[in-house]
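# Fold and geometry: a report
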Amino acid sequence: MVRRNDRRRAALVDGAIEVLAAEGARGLTFRAVDAAAAVPAGTASNYFANRDDLLTQAGARVYERLHPDEATVARQRAAGRDRETYVLLMRELVDRIASFRTGYLALLELRLEATRRPGLRAVLTERVRADLAANVSYHEASGLPGDATAVKLLYLALNWLVVEQLTLPDVLTPAERDELVAAAVERVVAPDGEV
């Protein structure tokens, strides 16, 4: 029987994220998750049907935690509609993702594991597609310059910038990172009024 204490489940999934980031997918065991969540041994096995269920829920939880809060969304909606504002929004996005280091590293581990697990690959593919579509929709509704292709190109470029930041943080200085974010927006997004 799978248990339904939502707080305990969230603690276990957060523990799984920490284990994935620190030990990789090979280190993700129910025992390791129990230890990371500081719960009695055997607890995770009462909440997850199997390891695949745990992997899938960890991926979903990372996306849940990466989503900006309502205050951030409201502030972004009230911001300007030019490339300079776009640069600021992208810097903020990179900072928000990079500040959840274990979550992003866990996602990288999940992506690697998905190359070996078709079920996980299907779930992650659906989730990433939905996330990218939501980003494109949000962008189109925002009135910011650029089209869907610009959003996708920035998504790809900034994802690798975050990977670089989290895995080899001394390759680029914070100033270089900020300059690269600005350059990516300026080179990918057409100036206001141009297509």
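Note that the coordinates shown come from a computational prediction; the quantities given were computed from them, not determined experimentally.

### Side note on the overall build of the chain
Summing up its helical and strand segments, the chain has ten helices and zero strands in all. If you list the helices and strands of the chain from N to C, you get α-α-α-α-α-α-α-α-α-α. The C-alpha extent of the chain, read off along each of the three principal axes, is 60 × 35 × 30 Å. A burial count over the chain gives 39% of its 195 residues as buried. Here the analysis covers contacts within the chain between residues at least 6 apart in sequence; of these, 70% occur between residues at least 24 apart. Accessible surface, the chain as shown: approximately 11,000 Å² in total, 54% of it carbon and sulfur.

### Details of unusual backbone geometry
The backbone phi angle of Ala 38 is positive, close to 55 degrees, even though this residue is not glycine. One can find Ala 38 in the loop between helix H2 (30-37) and helix H3 (43-47).

### Here we look at helix H5 (residues 70-78)
Of the residues making up H5, those classed as buried are Thr 72, Val 73 and Gln 76. Looking down the long axis of H5, one finds its buried residues gathered within 100 degrees of arc, a one-sided arrangement. In H5, the exposed positions that point more than 90 degrees away from the buried face belong to Glu 70, Ala 71, Arg 77 and Ala 78. Those residues of H5 hidden inside the fold are in contact with helix H6 (83-99) and helix H8 (118-142).

### Focus on the pattern of salt bridges
Applying the stated criterion across every chain, the model contains nine salt bridges. The shortest N-O distance in the salt bridge between Asp 14 and Arg 61 comes to 2.8 Å. With Asp 14 in helix H1 (residues 6-23) and Arg 61 in helix H4 (residues 51-66), this pair connects stretches of sequence that are 47 residues apart. Members of the salt-bridge network, linked through shared partners, are Arg 51, Asp 52, Glu 113, Arg 116 and Arg 117.

### A closer look at the environment of Ala 184
Summarising the element assignment, Ala 184 is placed in helix H10 (residues 174-188). Here Ala 184 falls in the buried class, since its relative accessible area comes to 17%. Spatially, the C-alpha atom of Ala 184 lies 30 Å from that of Ala 122, the residues being 62 residues apart in sequence. Leaving out residues up to four positions away in the same chain, Ala 184 has contacts with Leu 154 and Val 189.

### A few points about helix H7 (residues 101-114)
If you check H7, its first and last C-alpha atoms are 20 Å apart, about what 14 residues at 1.5 Å a residue would give, namely 20 Å. Residues of H7 that are buried: Gly 103, Tyr 104, Leu 105, Ala 106, Leu 107, Leu 110, Glu 113 and Ala 114. The elements touched by buried residues of H7 are H1, H4, H6, H8 and helix H9 (148-167).

### As for the layout of surface pockets
Empty space within the largest pocket amounts to approximately 1,200 Å³. Lining of the largest pocket is provided by 41 residues; of these, Leu 93, Ile 97, Asp 131, Asn 135 and Tyr 155 occupy positions nearest its centre. Only H4, H5, H6, H7, H8 and H9 provide two or more residues apiece to the lining of the largest pocket. With twelve residues, the single largest contributor to the lining of the largest pocket is H8. When the residues that make up the lining of the largest pocket are grouped by side-chain class, the tally is 27 nonpolar, seven polar and seven charged.

### A look at the nonpolar core
Counting residues in hydrophobic clusters, the biggest one holds 55 residues, and the most contacted among them are Leu 12, Leu 20, Leu 28 and Tyr 86. For this core, the element with the highest residue contribution is H9, accounting for ten residues. With residues near it in sequence (within four places) discarded, Leu 20 still touches Ala 25, Leu 28, Leu 55, Ala 58, Ala 106, Glu 109 and Leu 110.

### Considerations on the confidence of the model for the chain
Regions with low pLDDT carry predicted coordinates that are not meant to be interpreted in detail. Chain-level statistics for the chain give a pLDDT mean of 93 and a share of 96% at 70 or above. When pLDDT is averaged over each helix and strand of the chain, the minimum, 90, is found for H5 and the maximum, 98, for H2.

### Concerning the side chain of His 139
Relative to the helices and strands, His 139 resides in helix H8. Setting aside anything within four residues of it in sequence, one finds His 139 in contact with Tyr 86, Leu 144, Pro 145, Gly 146, Asp 147 and Val 151.

Cut-off values and rules
- Residues numbered from 1 in each chain as written.
- Predicted model: local features only at pLDDT ≥ 70, side-chain atom pairs only at ≥ 80, totals over all residues.
- Heavy atoms only, no water.
- Helix = DSSP H or I, 4+ residues; strand = E, 2+ residues; numbered from the N terminus.
- Buried < 20%, exposed > 50% of the residue type's maximum accessible area, 1.4 Å probe, protein only.
- Contact = heavy atoms within 4.5 Å.
- Areas by Shrake-Rupley, 256 points an atom, 1.4 Å probe, with all protein chains shown as cover.
- Arc of directions from axis to C-beta.
- Salt bridge = Lys/Arg side-chain N within 4 Å of Asp/Glu carboxyl O.
- Expected span 1.5 Å × (residues − 1).
- 1 Å grid on protein atoms, 1.4 Å probe; cavity = no way out; pocket = protein on both sides within 12 Å on 5 of 7 lines; lining within 4 Å.
- Points joined across faces, edges and corners; volume = space filled by probe spheres on them.
- Nonpolar A, V, L, I, M, F, W, Y, C, P; charged D, E, K, R; others polar.
- Core = buried A, V, L, I, M, F, W, Y, C linked by side-chain atoms within 4.5 Å.
- pLDDT = per-residue confidence, 0-100.

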